[in-house]
Amino acid sequence: MLWVLLLLPAWAAAGISCGRLCLAAAEAAATAEAAAATEAGQDVPAPTRERSHSHELSLYEAAFLAGGPYRVVTLTLVSMHRARRLLLAHTGWATVVDPEGADELERTVIGAIGPEGQSRIAALRHTTAAADSVRAVSDRLVTAGLAVPEAVRAGVTGAVRAVRRAAAFTVALAAVALLMLPHEPGAKGTVAAWFVLPLVLTLGCLVIARVEVSPYTRWASPYGLRLLRSLSTGDGGEVPPAGGPLSGERAFLTEVAVHGTSALDDPALRAALGDNRAAQKGH
């Protein structure tokens, strides 16, 4: 009966992690309902209702909804490079050409590069993505009901990871119980059956979460995702300029905002920005 001592922590891990996921999903659903009410103009203050219905995405906001803070930085760097305010070398270095940024985000990039006028692009992107100017873009979108709040997204993704760890933990404990502990003849089937139950619970939660909770692990809320999908450079979904991007480049920059570095057709520029998946998650 020593296997029972291993079964108890397996059940505890499964129950706690699945409960945490249920709570995170409930919070995400409540946030989505609030965003839907904002979209419909129900039970929300008039200023908020007016903002939500008349909201037109800027390029930076579209970039955030599509790929988060790093996508915003990517768009800013590409815009500055094409406007000859910044030189992005294929070796991975950024060099300031014009120290006067056209907007707050460009000034943030220049400030992050520092007085020497040069910086590694990877370090620059990391520093800029955490800056207040990028956070302000996020705050505007969350207020408008277009982006998933950071706390909700972090709660859901953390809960999903916890359930995955609980499933792996259950398998490990089951292996120990079946392979390393002594059993009476014919008892292994019973032991395996008891461990299968918490494993089924965790795997079932992950399957349900993939369908029901997945929208809340993205940057855009369901409402924001619909607005983002409506963007089309040839279908009247033109994004208004955000001050920095050049108006003549708007169609191209919209593609960069929505699709990231995959929209770049310049091999040197793509090499400059690189394909660091750790930094460009979702690009």
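Residues numbered from 1 in each chain as written. Predicted model: local features only at pLDDT ≥ 70, side-chain atom pairs only at ≥ 80, totals over all residues. Heavy atoms only, no water.

A.B. asks: So what exactly am I meant to see when it comes to the overall build of the protein chain here?
C.D. replies: Summing up its helical and strand segments, the protein chain has 11 helices and 3 strands in all. Secondary structure elements of the protein chain occur, N-terminal to C-terminal, as α-α-α-β-β-α-β-α-α-α-α-α-α-α. Of all intrachain contacts in the protein chain linking residues separated by at least 6 positions in sequence, the fraction that spans at least 24 positions is 71%. Taken as a whole, the protein chain presents about 14500 Å² of accessible surface, with 60% of it coming from carbon and sulfur. (Helix = DSSP H or I, 4+ residues; strand = E, 2+ residues; numbered from the N terminus. Contact = heavy atoms within 4.5 Å. Areas by Shrake-Rupley, 256 points an atom, 1.4 Å probe, with all protein chains shown as cover.)

A.B. asks: What exactly am I supposed to notice about the pattern of salt bridges here?
C.D. replies: Side chains that carry opposite charge are capable of pairing whenever their charged atoms lie near each other. Across all of its chains, the model carries 5 salt bridges by this definition. We note a salt bridge from Glu104 to Arg107, for which the minimum N-O separation is 3.5 Å. Of this pair, Glu104 and Arg107 both sit in helix α4 (residues 104–113), separated by 3 residues, roughly a single helical turn. Accessibility expressed as a relative area gives 47% for Glu104, which makes it partly exposed. Asp132 is the salt-bridge partner of Arg135, the closest N and O atoms lying 2.6 Å from each other. Of this pair, Arg135 and Asp132 both sit in helix α6 (residues 132–143), 3 residues apart, which is roughly one turn of that helix. By relative accessible area, which is 40% here, Arg135 ends up partly exposed. Judged by its relative accessible area of 59%, Asp132 is exposed. (Salt bridge = Lys/Arg side-chain N within 4 Å of Asp/Glu carboxyl O. Buried < 20%, exposed > 50% of the residue type's maximum accessible area, 1.4 Å probe, protein only.)

A.B. asks: So what exactly am I meant to see when it comes to the packing of aromatic side chains here?
C.D. replies: Tallied over the entire structure, the rule returns 1 aromatic pair. A centroid spacing of 5.5 Å and a plane angle of 65° characterise the contact between Phe64 and Trp219, whose relative ring orientation is edge-to-face. Placement of the pair is Phe64 in helix α3 (residues 59–82) and Trp219 in the loop between α8 (188–212) and α9 (222–229), with a sequence separation of 155 residues. Seen from the ring of Phe252, Arg82 lies directly overhead, with NZ or CZ sitting 3.9 Å from the centre. (Phe/Tyr/Trp six-rings, centres within 6.5 Å; stacked < 30°, edge-to-face > 60°. Lys NZ or Arg CZ within 6 Å of the ring centre and 35° of its normal.)

A.B. asks: Any chance you could explain the nonpolar core here in plain terms?
C.D. replies: Side chains that are nonpolar tend, in soluble globular proteins, to be buried together. Ranked by size, the top nonpolar core spans 42 residues in total, and within it Leu65, Leu75, Leu77, Val78, Leu88, Leu141 and Leu273 carry the most contacts. The set of elements that each furnish at least two residues to this core consists of α3, β1 (86–88), α4, α5 (121–129), α6, α9, α10 (250–259) and α11 (267–273). Take this core: its biggest share by element is 12 residues, from α3. Cys18, Ala24, Cys205 and Tyr216 belong to the second-largest nonpolar core, a separate cluster that totals 15 residues. (Core = buried A, V, L, I, M, F, W, Y, C linked by side-chain atoms within 4.5 Å.)

A.B. asks: What am I meant to see in the packing of α3 against α4 here?
C.D. replies: What describes two packed helices is the angle between their axes and the distance between those same axes. Interhelical geometry of α3 versus α4 gives an angle of 60° and a closest axis separation of 10 Å. For the pair α3 and α4, the sense of crossing is right-handed. When α3 is examined against α4, the residues Tyr60, Val72, Thr76, Leu77, Ser79 and Met80 are found in contact with a partner set consisting of Leu105, Glu106, Val109 and Ile110. (Axes fitted to C-alpha atoms, helices over the stretch in contact; angles between N-to-C directions. Left-handed = near helix turned anticlockwise from the far one by under 90°.)

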